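The chain contents come next:
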Amino acid sequence: MQKRAVLSGCPSPWESIAGTSKVPPALKLSPKGDLIEAASGKMARLHGINWFGWETESPTVDGLWAYDDTELPPTSSVSNASIAALGVNFWGKRTMTNDFAAVVHRIKALGFNAVRLPFNFTNLQKDLPAPKWDATEFYACVRDPINYINLNKTLDPSLSQLNPEQLAAAAPAYTGMPHPPPLKPDDDAACAATWEVPFESSYKAAEQYGDKLQLTMCNWYLPQGQGVQAIHRFLWQVQYLIAQGFYVVVDHHSYQDRDPNMLNPALFAANWGNLWRTITALSGYAEHIKGRVFADLVNEPSRWGCQWERECFDAQGQKACAAGAWLYHEAMRAIHTWDPDVPVLANAMGQAHVDPVKFPTCTKFFKGMNYGEGTITRKEVIAATGISDPLSFFKDMPAGSSGKLVLAPHVYPATLTGLGVDTQSRASLFARLDLSFGLKALGRDLGSDMQPLDRMAVILGEFGVPDHGKPQPPSPPQNPTAAAAAAAAGDFASIADVDVTFLQDLAEYLRGLEVQGATVSWFWWAWNANSGDTKGIVGPTDTWRDVQFKKVQLLTQLYGLRPWFRYQNGQWYHGLVEGWQQQEQQQQQQLQVQVQFRFPTSKNATDGDDDGDDNDADEEGGQGYARVGLGGGCVLEHARLAAEAGVQSETASFAAWEHSGRGIASKLMAAMGFRRGGGLGRSGTAIANPLEINILPSKKGLGAAQASPTR
């Protein structure tokens, strides 16, 4: 049988159905350190997902190879003559899971408005493998009707209040690359063969497929061909995501034991500079791309023992990592040479637990810090723990990069990191996050030189929890109208109660920052079903077919994700740029923040390690906060910080007694000129203290001269 050639066309993302109409507003960092829309000045929030693959040997995002989907019609569903007419082999592949554009549609429908793409520079320089049918990313796929994808495979009835008719009317339209591939005048005539053949009369097809087998070529539009480098496909996917309404974070993510980029700041800067030069040279950069794609300099540099202010050497005495501040400064300088406005995300280093055998001279850590955490700057904490000091990174920022920094910590529970269950307690978590990035997000932190630090934007580059589910492929639904049953059958996620509590505590912490004026964006780890510990938003690992709605429910209820089927208070929330203002108002109305928490004040509160692991704070370098003594009693409640901040300069600050009222009274007072510590009136010269109430003796008039107690 003569197989068709893989199409060689590579249309621009702007030529898709969406064109430029879905491109989100450009973002930038404000002078106050907020992520805002560049044109309107509105606060922006990213609800993102990590989709890895480009950092591996794969020449694309992961999962497009998903296979063995038994829901699909088998080869025996059509005649041999029909197979010959099709000219392709097909089995177990479908657009919903194997086609990049269709997967992007599902991610968008679930409410995510940003995607973080891990990559590494080495892989981007490789030539793409030669494309061919049933290999690489190009497959004969069964076409899934978009309504079936929306209503049967990307819908959680438990989160929706709409009836079936309302859901059908509200389902998101597909605005991606067309299927089957459109033919152009110069296309190979062999590609004009039919994409549809009738099912055998003996085969009972599922309702969504009707009476015909309808095929397409998955990913026919991806850059390909002899001599095409991986970077072309990578940047095409970045542009496509933007055209579909997403913001994109690109993140250098290396698994090399000795990454040359981490050893040589000049090489690291050259690679980032060359990448950004290429991005800024893309057609339509100023109009459609600028302000929608951001750099995340390196993923979890503690992998190489990196320290902020000095080099790190391994057990053999070889340099494992250059000074982190130097690495970051050079890379930021290179990026901002090509676009001075790019927000640059920085993962932390030098304060998290590292392998003491591998990096014996870089072992100092703050208890509970893991992976991408670690930007503590308080002098007392650094002195007591010996952790790396990031002061030089913050204070010696290159001139062209000042005000363009975004802190991008990764926050995971101890059940995943193995750093002691006591570090997962609410008090320990809040204390650590306050020191690492919370106070910086509020503009209330000090450097080790005891000088105030600038306020900083924060984006959680990764967070997630272990998923203990053991997925087994479910039996296919008996009929496609049983949407709820089909969704339930494919949800294998199993999250322990302790990790649900962790997600609740982290969400409450972020809301505590939010009511004080900070806005924290986030990226969940991960979309990928093959993420070993957290698993994915989709699963199981062979088909990547079924949304794990337990995770979607947690992100919706705790973190503000708004899937397309989410219906509340008469408003649709698609979770994208549209509706941000209404979403913001709703979240403010729903805030019930408990802010009366404090740092642990005793050794037992921080250093107890009853789980029997080997990661106790008494290891060399590990320190609990109780040994630091910051602030005497170690009391730094969020609300008290707001109340003790001194003269208010922003209306977002409000008094501690007002946290349950969301600061409305303080904001109104501030809008009329009042500043804490001053007097009333526009000029601030009227009374500064509350009126005293005189309690008069019984039956005495206002003129009574008798001294009275005051209340």
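Description of the structure in this document.

### Let's talk about the overall build of the protein chain
- Along the backbone of the protein chain there are 22 helices and 22 strands.
- Among the 711 residues that make up the protein chain, the fraction classed as buried is 58%.
- For the protein chain, the proportion of contacts with a sequence separation of at least 24, taken over those separated by at least 6, is 75%.
- A total of about 28,300 Å² of accessible surface is found on the protein chain, and carbon and sulfur atoms cover 52% of it.

### A look at unusual backbone geometry
- Across the junction of histidine 179 and proline 180, the peptide omega takes the value -5 degrees, indicating a cis bond.
- Inspection of the secondary structure puts proline 180 in the loop between helix 6 (164-170) and strand 6 (196-198).
- Between glycine 539 and proline 540 the backbone carries a cis peptide bond, its omega angle lying at -5 degrees.
- Positive phi, normally seen in glycine, also occurs at lysine 535, with a value near 50 degrees.

### Some details on the pattern of salt bridges
- On inspection of all chains with the given rule, the structure shows 31 salt bridges.
- Glutamate 196 is paired through a salt bridge with arginine 143; the nearest N and O atoms lie 3.4 Å apart. Here glutamate 196 is found in strand 6, whereas its partner arginine 143 is found in the loop between strand 5 (139-142) and helix 5 (146-153), with 53 residues between them in sequence.
- Classification of glutamate 196 by relative accessible area gives partly exposed; the value is 30%.
- The exposure class of arginine 143 is buried, given its relative accessible area of 16%.
- Aspartate 467 is the partner of lysine 551 in a salt bridge, and the nearest nitrogen-oxygen pair spans 2.9 Å. A residue pair is termed long-range when its members are at least 10 positions apart, and lysine 551 in helix 18 (residues 549-559) and aspartate 467 in the loop between strand 16 (457-463) and helix 16 (483-489) qualify at 84 residues. In terms of burial, lysine 551 and aspartate 467 fall into one category: buried.
- When salt bridges with common partners are traced through the structure, they connect Asp69, Glu71, Arg94, Asp144, Lys153, Arg545 and Asp546 into a single cluster.

### Concerning the layout of surface pockets
- Empty space within the largest pocket amounts to approximately 670 Å³.
- Along the walls of the largest pocket sit 29 residues, with Tyr255, Asn299, Glu300, Arg303 and Tyr371 positioned nearest its centre.
- Counted by class, the lining of the largest pocket contains eleven nonpolar, eleven polar and seven charged residues.

### Considering the state of the cysteines
- Following the criterion strictly, the structure yields three disulfides and no others.
- Across the disulfide from cysteine 306 sits cysteine 321; the S-S distance is 2.0 Å. Across the disulfide from cysteine 306 to cysteine 321, rotation about the S-S bond amounts to roughly 100 degrees, and the bridge is consequently right-handed. With cysteine 306 in the loop between strand 9 (293-296) and strand 10 (312-313) and cysteine 321 in strand 11 (residues 319-321), this residue pair connects regions lying 15 residues apart in the sequence. Neither residue differs from the other here; cysteine 306 and cysteine 321 are each classed as buried.
- The residue that forms a disulfide with cysteine 312 is cysteine 362, at a sulfur-sulfur distance of 2.1 Å. Linking cysteine 312 and cysteine 362, the disulfide has an S-S dihedral of approximately 125 degrees and is accordingly described as right-handed. Of this pair, cysteine 312 sits in strand 10 while cysteine 362 is found in the loop between strand 12 (344-346) and strand 13 (365-366), placing the two residues 50 residues apart along the sequence.
- A residue is classified by how much of its surface remains accessible, and cysteine 362, at 1% relative accessible area, is buried.

Calculation rules
- Residues numbered from 1 in each chain as written.
- Predicted model: local features only at pLDDT ≥ 70, side-chain atom pairs only at ≥ 80, totals over all residues.
- Heavy atoms only, no water.
- Helix = DSSP H or I, 4+ residues; strand = E, 2+ residues; numbered from the N terminus.
- Buried < 20%, exposed > 50% of the residue type's maximum accessible area, 1.4 Å probe, protein only.
- Contact = heavy atoms within 4.5 Å.
- Areas by Shrake-Rupley, 256 points an atom, 1.4 Å probe, with all protein chains shown as cover.
- Salt bridge = Lys/Arg side-chain N within 4 Å of Asp/Glu carboxyl O.
- 1 Å grid on protein atoms, 1.4 Å probe; cavity = no way out; pocket = protein on both sides within 12 Å on 5 of 7 lines; lining within 4 Å.
- Points joined across faces, edges and corners; volume = space filled by probe spheres on them.
- Nonpolar A, V, L, I, M, F, W, Y, C, P; charged D, E, K, R; others polar.
- Disulfide = S-S within 2.5 Å.

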